[in-house]
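Single-letter residue listing:
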Amino acid sequence: MQRILAVIFFLAVFLHQSQAQCTTANCVEPACKCMNTSPPGGLSLADTPQLVFLAFDGAITTTNYDNYTFLFNNTTNPNGCPIGMTFFIFHEYNDYTLTHSLYFKGQEIATHSMSHLTPAYTWANKSVAEWTDEIGGIQEALAKFANIPKTSIRGARAPFLQSSGDATFTAMKNLGMFYDCSFPTTNYTNPPVWPYTLDQGFQHECAIPPCPKNKYPGIWTVPMVALNRNETVCSMADACDKPNTLDETYQYLMDNFQRHYTKSKAPFGIYLTANAWFQDAEYRLQGYKKFLDAIVLNDDVYVVPIARGLDWMKNPKPLAEVPNFFSCPTMTQTPCSDYSCYYEGDASPVGPRNMESCVTCPDVYPWTGNPLGLP
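Everything numeric here is computed off the predicted structure, so don't read it as measured data.

### Considerations on the overall build of the protein chain
Counting its regular elements, the protein chain contains ten helices and 15 strands. For the protein chain, the C-alpha radius of gyration of 21 Å lies close to 21 Å, the compact-globule estimate for 375 residues. Taking the principal axes of the C-alpha coordinates as reference, the protein chain spans close to 65 × 60 × 40 Å. The 375 residues of the protein chain split such that 54% are buried. By sequence separation, contacts in the protein chain at least 24 residues apart represent 70% of the contacts at least 6 residues apart. For the protein chain, the computed accessible surface area is about 15,700 Å², with 54% contributed by carbon and sulfur atoms. A distance of 8 Å separates the average location of the 23 positive side-chain charges in the protein chain from that of its 33 negative side-chain charges.

Next comes the structure, spelled out in structure tokens:
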């Protein structure tokens, strides 16, 4: 019995180590990338663009839509094209007509779940089927009610950053998702770490367990490199010690940006929960805008949606070719009428609800298990 237990222990250690050891032999760039602090494709820091990922979690509403458009309107990358953001959207209270507008302004629409139910800890135990309903459900709802291409919805973030590990990633794999951005890192912030693929498994520390243990070739993870301010550390920018003035907001973001820009040029992410940080204080919105206006003056800084940044990592181009790579997006506009839908009684499983839709209102309120609101 002791010999059998020893063999089992050895195999467990071997499997863990084989997953953790990602090398150029078992992970060949650019399709596969190991976790490290080096740019892809063997590019030097001087020849690498500094990518900036601006992402917001939650439903799109009239209030936050105005703030988001204030940030990206009249703000361009060095090649003259508009900057791009990523929106991780959940269904509850989402305005699908405004979501449609954001997408056709060149912004990325990604998934954050259908229900986003509390308490947060329950997401740690969801099954593959439940995650498929949540991720696939909001993907279906966004494609239908915002009338945007389903194939453009490529990214995911777990509610409250709480995944179920392998169950979550198995659902993502089955749904053909491209990347996840749910896992913080405080260990790999100086120098900051680059995104990597899960061909050889999850490689940075597991700050919010469970984390995936299996390998998922072709799926990228974007580590949420922690920010810091006044000795507080946070993965979501609104969780650090809050700036009290416009200039403090600007300096908070700029100080953390400089660590990326001068150390590894790994993508710099500012991740915020919907609009709360701005609603609390107007000066934070102004400080954020001042920061954006400052960084895009650098000819090597590109503010792009996460998926487009990862597309560049899969096909890394030197800085001279980056303006063409991040050319202005061209999209064929789809129609979007403004239907105001109201549900109560048997038509809504979660009580009275409103929904703004680009297409005719569904018979029942869309929800987990019935994302299209079929009768």
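### Regarding the pattern of salt bridges
If you walk through the whole model with that rule in mind, you get ten salt bridges. The salt bridge partner of Glu-140 is Lys-150, with a shortest N-O separation of 2.7 Å. Taken together, the residues Glu-140 in helix α4 (residues 128-145) and Lys-150 in the loop between α4 and β4 (155-156) connect sequence positions ten residues apart. Accessibility expressed as a relative area gives 29% for Glu-140, which makes it partly exposed. Where Asp-241 meets Arg-229, a salt bridge forms, and the shortest distance between an N and an O atom there is 2.7 Å. Of this pair, Asp-241 sits in the loop between β11 (232-234) and α6 (246-263) while Arg-229 sits in strand β10 (residues 227-229); the two residues are twelve residues apart in sequence, bridging distant segments of the chain.

### Digging into the layout of surface pockets
Estimated volume of the largest pocket: approximately 400 Å³. Along its surface, the largest pocket is lined by 23 residues, and Gly-106, Gln-107, Pro-305, Arg-308 and Pro-329 are the ones closest to its centre. Counting residues per element, the ones that place at least two in the lining of the largest pocket are β3 (108-113) and α9 (306-314). No other element matches the three residues that α9 contributes to the lining of the largest pocket.

### Looking at helix α3 (residues 96-103)
When you tally the buried positions in α3, you get eight out of eight residues, the bulk of the element. Each element contacted by the buried residues of α3 is listed here: α2 (62-72), β2 (86-90), β3, α4 and β15 (353-357).

What counts and how
- For every chain, the first residue of the written sequence is number 1, and numbering continues from 1 onward in sequence order.
- The predicted nature of this model means local features are confined to residues of pLDDT at least 70 and side-chain atom pairs, given and counted, to a pLDDT of 80 or more, with totals for whole chains, interfaces and linings taken over all residues.
- With hydrogens and water set aside, each side-chain value is computed from the structure's full complement of heavy atoms.
- Secondary structure counts use DSSP, requiring at least four H or I residues in a row for a helix and at least two E residues in a row for a strand, with both numbered from the N terminus.
- Put simply, the radius of gyration uses C-alpha atoms, and a globule should come to 2.2 Å times the residue count raised to 0.38.
- Three exposure classes are used, based on accessible area relative to the maximum for each residue type with a 1.4 Å probe and protein chains only: buried under 20%, partly exposed in between, and exposed over 50%.
- Working rule for contacts: check all heavy atoms of both residues, and any pair within 4.5 Å makes them a contact.
- The protein chains shown are the only cover counted for residues, whose accessible areas, like all others here, come from Shrake-Rupley with a 1.4 Å probe.
- Counted as positive: Lys and Arg. Counted as negative: Asp and Glu. His and the chain ends are not counted at all.
- For this purpose, a charge sits on NZ of Lys, CZ of Arg, CG of Asp or CD of Glu.
- When a carboxyl oxygen of Asp or Glu lies within 4 Å of a side-chain nitrogen of Lys or Arg, that pair is called a salt bridge.
- Using protein atoms alone on a 1 Å grid, points that fit a 1.4 Å probe yet trap it form a cavity, whereas open point sets bounded by protein on both sides within 12 Å along at least five of seven lines form a pocket; residues with an atom within 4 Å of a point count as lining.
- Grid points are joined across faces, edges and corners, and a volume is the space filled by probe spheres set on the points.

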